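Architecture and fold: a report
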Amino acid sequence: MRDEVDELVESWARERSDLDLAPVAVFSRISRLARHLDLARREAFTAHGIESWEFDVLAALRRAGAPYELSPGRLLRETLVTSGTMTNRVDRLAARGFVERYPDPEDRRGVIVRLTAEGKTAVDGAFTALLDAERALLQDLPARDQDALADLLRTLLAPFS
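Here the residue index of a chain counts from 1 through its sequence in written order. Totals for whole chains, interfaces and linings use every residue, but because this is a predicted model, local features are given only for residues with pLDDT of at least 70 and side-chain atom pairs only at 80 or more, for both listing and counting. No hydrogens and no water enter the side-chain calculation; it runs on all heavy atoms of the structure.

Within an unreviewed UniProt entry, the label attached to the protein reads DNA-binding MarR family transcriptional regulator, and the organism entered is Nocardioides panaciterrulae.

What follows is the structure, given as C-alpha cells:
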C-alpha cells in the first residue's frame, strides 16, 4: 500500500539523496492524520453545539468525576492555557449555562468551577461523537496494531511530559 507521503519521500530522496528521510516518513503521516483528526473533532463538537476549547474545559470537569468540579488552577493544569485565557473561557461557559462558579469552602478567596447538567449533556454527547469519529479513522488498523501504535506514540511523547 502506498500513500502521498511515499511520493513526497521519493521526491526528496531524488533531490537530497544525502539525507536520511526516515523522520519525514513518520512525521508527515502524523501531521496528515492530525489534520483529519482536527476535522473530525470539529464536526463532532459542532454537532453538539460546542467548540474545541469548550470541549477541553468541559471534558476536564467531566473527567474529575462527580460532582464534576475543579479549581481554576487545576483547570489550568488540565488544559494548558494561561490564567487570563481560563478566566475568559469560564466566563463564556458560565454565560452559556455549561458551568457555574461558587466559593471555595476551603479558601474564601478562591472559587470552584462546576459542570452543570447542560454542560454534562453537551460534553457527553460530543465525546461520544468524537469516539465514533476516531474509531472510523482507525477502522483499517487491527486492534493489536492500534495497541502497538499507541505504545510507540507514547514512547515518542514521553520526553515531552
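Structure's up, so let's keep going.
This next bit is on the layout of surface pockets. Considering only enclosed or pocket space, the largest pocket measures out at about 1300 Å³ in volume. As for the largest pocket, its lining consists of 36 residues, and the residues nearest its centre are Arg-29, Leu-33, Leu-137, Leu-138 and Leu-149. We count a stretch as a helix when DSSP gives it H or I for four or more residues in a row; a strand needs E for two or more, and each element gets its number in order from the N terminus. Put simply, the parts of the chain that give the lining of the largest pocket at least two residues each are helix 1 (4-15), helix 2 (22-46), helix 6 (117-138) and helix 7 (143-157). Per element, the largest residue contribution to the lining of the largest pocket is twelve residues, and it comes from helix 2. Polarity classes work like this: nonpolar for Ala, Val, Leu, Ile, Met, Phe, Trp, Tyr, Cys and Pro, charged for Asp, Glu, Lys and Arg, and polar for all others, with Gly in that last group. Considered class by class, the residues forming the lining of the largest pocket number 22 nonpolar, three polar and eleven charged. Of the grid points, spaced at 1 Å and generated over the protein atoms alone, those admitting a 1.4 Å probe that cannot get out make up cavities, while open sets with protein on both sides within 12 Å along at least five of seven lines make up pockets; any residue with an atom within 4 Å of a point is treated as lining. Grid points are joined across faces, edges and corners, and a volume is the space filled by probe spheres set on the points.

It is worth spelling out the sheet that holds strand 2 (residues 99-104) at this point. Here a strand pair is declared whenever DSSP counts at least two bridges between the two strands. Spatially, 1-3-2 is the arrangement adopted by the three strands of the open sheet, whose pairing is antiparallel. The open sheet has two edge strands with one neighbour each: strand 1 (69-70) and strand 2. Taken together, the six bridges between strand 2 and strand 3 (residues 107-115) define a ladder with antiparallel strand orientation. Directly across from Val-99, in strand 3, lies its bridge partner Leu-115. Here, residues are in contact when the closest pair of their heavy atoms is within 4.5 Å. Each axis is a line fitted through C-alpha atoms, taken for helices only over the stretch in contact, and angles between the N-to-C directions span 0 to 180 degrees. On the sheet, helix 3 (residues 52-63) packs against strand 1, strand 2 and strand 3 and is oriented at approximately 100 degrees with respect to strand 3. Docked against the sheet, helix 5 (residues 83-95) engages strand 2 and strand 3, running at close to 120 degrees with respect to strand 2.

Attention shifts here to the nonpolar core. Here, nonpolar core means buried Ala, Val, Leu, Ile, Met, Phe, Trp, Tyr and Cys residues that are tied together by side-chain atoms lying within 4.5 Å of each other. Exposure categories follow from relative accessible area, calculated using a 1.4 Å probe and restricted to protein chains: below 20% of the type maximum is buried, above 50% is exposed, and the middle band is partly exposed. Judged by nonpolar contacts, the single largest core of 24 residues is most densely connected at Ile-50, Phe-55, Leu-58, Leu-61 and Leu-75. Within the residue set of this core, elements represented by two or more residues are helix 2, helix 3, helix 5, strand 3 and helix 6. When neighbours within four sequence positions are excluded, Leu-58 is seen to be in contact with Ile-50, Leu-93, Phe-98, Val-99, Leu-115, Gly-119 and Val-123.

Relative to the helices and strands, Thr-79 resides in helix 4 (residues 72-79). Not counting residues up to four positions away in its chain, the partners in contact with Thr-79 are Asp-56, Val-57, Ala-60 and Met-86.

Let us look at the pattern of salt bridges. Take a side-chain nitrogen of Lys or Arg and a carboxyl oxygen of Asp or Glu: if they are within 4 Å of each other, that pair is a salt bridge. Inspection of the entire model under this criterion finds 19 salt bridges. A salt bridge links Glu-10 to Arg-2, with the nearest nitrogen and oxygen atoms 2.9 Å apart. Measuring nitrogen to oxygen at the nearest pair gives 2.4 Å for the salt bridge that ties Asp-91 to Arg-101. With a gap of ten residues between them, Asp-91 in helix 5 and Arg-101 in strand 2 connect regions that are remote in the sequence. With relative accessibility at 37%, the residue Arg-101 sits in the partly exposed group. Bridged by salt links that share partners, the residues Asp-3, Asp-6 and Arg-29 form one connected network.

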